[in-house]
Structures are given as structure tokens and as C-alpha cells.
Amino acid sequence: MSTVAVQLDPQVAAQAVELAVILPTYNERANIAEAIRRTQAVLGNTPHEIIVVDDNSPDGTADIVRQLGRQDTRIRILHRIGRRGLSSAIIEGMMASTAPMLAVMDADMQHDEAALPRMIETMRRENLDIVIGTRNANGGSMGSFARPRVLISQLSARLSRSVCRCNVSDPMSGFFLVRDEFFRCAAPKLQTGGFKILLDLLASCEQTPRIGEVGYRFRTRVHGQSKLTLNVAGEYFFLLLNKLAGGRLCPRFALFALTGATGLATHFAILTALYLGLHWSFLTAQAAAAFVAMSTNFTVNNALQQSRLRGRRAWTGYMRFTTLCGLGAIFSVSYANYLHITRTPWSLAALAGIAIGSVWNYAMTQIFTWQMPQARRAVSIH
């Protein structure tokens, strides 16, 4: 790679940013100012910048950061409109910096900022590519979290090691420091729809990274709500599968396959109970099973969406979903009934009907159920 030599004024060069701290946020208004204050306090005289990447938080998180940035030029805001996702936010924040060292922390103050200077010193002293803030070694701990949460974290870490190219104690950590050149080499292979960027980074790099770990105590969130949702869990398991498959899986198709499998199981369970158990006619049982499967699909699909519909929008989305899927169901149920009348085994007839409606349902609901509300939110700035 060619380099460009630039002559800088010595005073300007002395002020060049050495570290960028990336803080991805969504509804962190109550935490962000204190998180920035604490981070700057421990960094002291280290030339740094803090880049807050906010996914258009409705609570006005970005407005707080703007106010702080007008008082301190080291504080920057990337306000994303119409886009959501932890990993993609971190990637955009890193790409927006010229600093040679990039740190990632949560804005909810669960990561102990006091460990950051030790991480910087470790990277410099040992000439490392990545330094991980670990909860599982070197004096680190999960703090006061309940035993079930600790067990989930430990199980996730064990699963994560199956796709990592190295042996680390906490591959699920969201608190780490990485050299800019190492990150940029791995960036083209990163899965922007995920939420565990460190795991993705370790699984995507072509060269074996030089890694160090610094222990810290994971703190309990004081303000706001945890971002650990079913969507997050789904994205984590898809990340594992995608890396094991060499990055060949399509995220949207994986979501469709998961919800489709749930709907298929529900459809056949209801159809079997009504047709064989209660001796309903095949047409009536098939129609009832299709309706229940549609409702199940909506519930699962909505829970796994990054832009999940809530409240009144959930009901509106459900009505739109069932209306669109209902059009497909008319054809699928009619076709299945035709096959059944022509002496096709009932299970094969039902499966053929489901196949007819699947492509329609996938295309229409992705465009008109979740995509349209997201587009409308994109033009709303709080």
C-alpha cells in the first residue's frame, strides 16, 4: 500500500488524535453525558476523540451529544437516520476516525472506563493488534449479575470460540481496543447486521491477531433498559452460523427460514389436530391452520426485527401482515384443497400449498410490513 508523506506543523502534529472511543447509542439520554465525562477523566492528556453513533434515539440522546460537542471539539456525533444495528454503528464510527487506536465501549456505563488506560498501555507495550476488556480472566468478573445471566454469558463464550481464529477468554466482550490498520483489513468481511462486533472481527481477520486481555468488573446498568432482546440473540446465533458457513448465508433469508420453519410446524400441528383429531373438512382445517400460522409468523418475525413494531404500530403491522398473507393464503389453501380432492395425500397437499404462498409472503411482508414503517421513521428527527 502506497503512503503519502505530509509535512505537518510540529504543534499540529502534537495535537493529532491518538485514540477514538466509539460509543454506539440508542435511548441513552440519561447515561451519555456521564459516560463521556468519566471516559475523558481517565484518558487525561491522551489526545483523543469520542464519537457517539446514535441510531436516531427518540429520547433525544443525539441532542445531548450535540450540546456537549459545542463545548468540546473532541466530542463528535454521527446521527444515523433510517438505520439500526450495533455492529454497523460501531463500524461507521471507526471508519469516521483517523486515530491509530480505536476503542469500543457501551454508553450505559456497564464497562469500567478505568480499564481503558491499562488497555492502551498494554497495546503499546506489547505491540498488539487487539486488547480485550475481559470479564472472565485477569481479575475480571460479571459483577453482581444473577447466576442465570452469568451462565448464559459463559455458554455464549464457549459457542463463540468455535468460529474464532484465536483463544480468548471473553470473545463476547463489547469492550475492546483495536489498531486502525488491523480493523480496516477485516472490515470488508464484517457482518454489519450483527451485534457482537468483536466476535465478528476475530472470525473475519485473515491473519492471526496479536491479542492481549485486561480484566474489568462488569457493572449493573443504572439508567435505561437493557438492549438484550430476542432480536439480539437471533443475530448472535446467525453470526455463528454465517461464520461457520464462510459468510455465505443471507441474513434476510435466514430470518425468513427461521420464521418459516416456525410457521410450518404450527401449520401442521393445527391441521393435524383439526383434520385428523376433530374431523374437520380439509378445506376448513387448512384455512384455520393457515391463519394461526400467519399469526405465529408475525409474532416471531416481529420479535427478530431490528425495527420491531410496538404498541399501535404492532397492531397496524399485524393487520397489514395478515391482509397480505391472506391474499397468498387464498391461493395456497385453494391449491392444497384441489390437490386433496384429486387424491393427493393430505400432508403433501398441505405442504404444496404452503410452498405456493411462501415466496409471496416473504416478498410482500418485507416490503410492506416492516420496511414501510422504517422508511417513515427515517424522516422523523427527534
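Heads up: the structure comes first, above all this text.
No experiment lies behind these values; they were computed from the predicted model shown.

Draft legend 1. The arrangement of the overall build of the protein chain in detail. Of regular secondary structure, the protein chain possesses 13 helices and seven strands. Of the contacts made within the protein chain by residues no fewer than 6 positions apart, 78% connect residues no fewer than 24 positions apart. As displayed, the protein chain offers around 19,000 Å² of accessible surface, 59% of which is attributable to carbon and sulfur atoms.

Draft legend 2. Structural detail: the sheet that holds strand β1 (residues 19-25). Pairing within the open sheet is mixed, and its seven strands lie in the order β3-β2-β1-β4-β6-β5-β7. What marks the edges here is a single partner per strand, and that holds for β3 (75-79) and β7 (211-215). Each neighbouring strand pair of the sheet contributes to a mean axis angle of 20°, computed without reference to strand direction. Direction of pairing for strand β5 (residues 130-134) relative to strand β6 (residues 176-179): antiparallel, over a ladder of three bridges. If you follow valine 131 over to β6, its bridge partner there is leucine 177. The sheet contacts of helix α4 (residues 86-95) involve β1, β2 (48-54), β3, β4 (101-104) and β6, and relative to β1 the element is tilted by about 150°.

Draft legend 3. Up close: the pattern of salt bridges. Within this structure, the stated rule accounts for 16 salt bridges. Taking the shortest distance from any N to any O, the salt bridge between aspartate 72 and arginine 74 comes out at 2.9 Å. Residues aspartate 180 and arginine 184 are paired through a salt bridge, measuring 2.6 Å at the closest nitrogen-oxygen approach. One end of the pair is aspartate 180 and the other is arginine 184, both in helix α7 (residues 180-186) and four residues apart, which spans about a single turn. A residue is classified by how much of its surface remains accessible, and aspartate 180, at 14% relative accessible area, is buried. Relative accessible area serves as the criterion here: at 32%, arginine 184 is assigned to the partly exposed category.

Rules behind the numbers
Residues numbered from 1 in each chain as written. Predicted model: local features only at pLDDT ≥ 70, side-chain atom pairs only at ≥ 80, totals over all residues. Heavy atoms only, no water. Helix = DSSP H or I, 4+ residues; strand = E, 2+ residues; numbered from the N terminus. Contact = heavy atoms within 4.5 Å. Areas by Shrake-Rupley, 256 points an atom, 1.4 Å probe, with all protein chains shown as cover. Pairing = 2+ DSSP bridges. Axes fitted to C-alpha atoms, helices over the stretch in contact; angles between N-to-C directions. Salt bridge = Lys/Arg side-chain N within 4 Å of Asp/Glu carboxyl O. Buried < 20%, exposed > 50% of the residue type's maximum accessible area, 1.4 Å probe, protein only.

Geometric descriptors of this kind do not, in isolation, establish any biological role.
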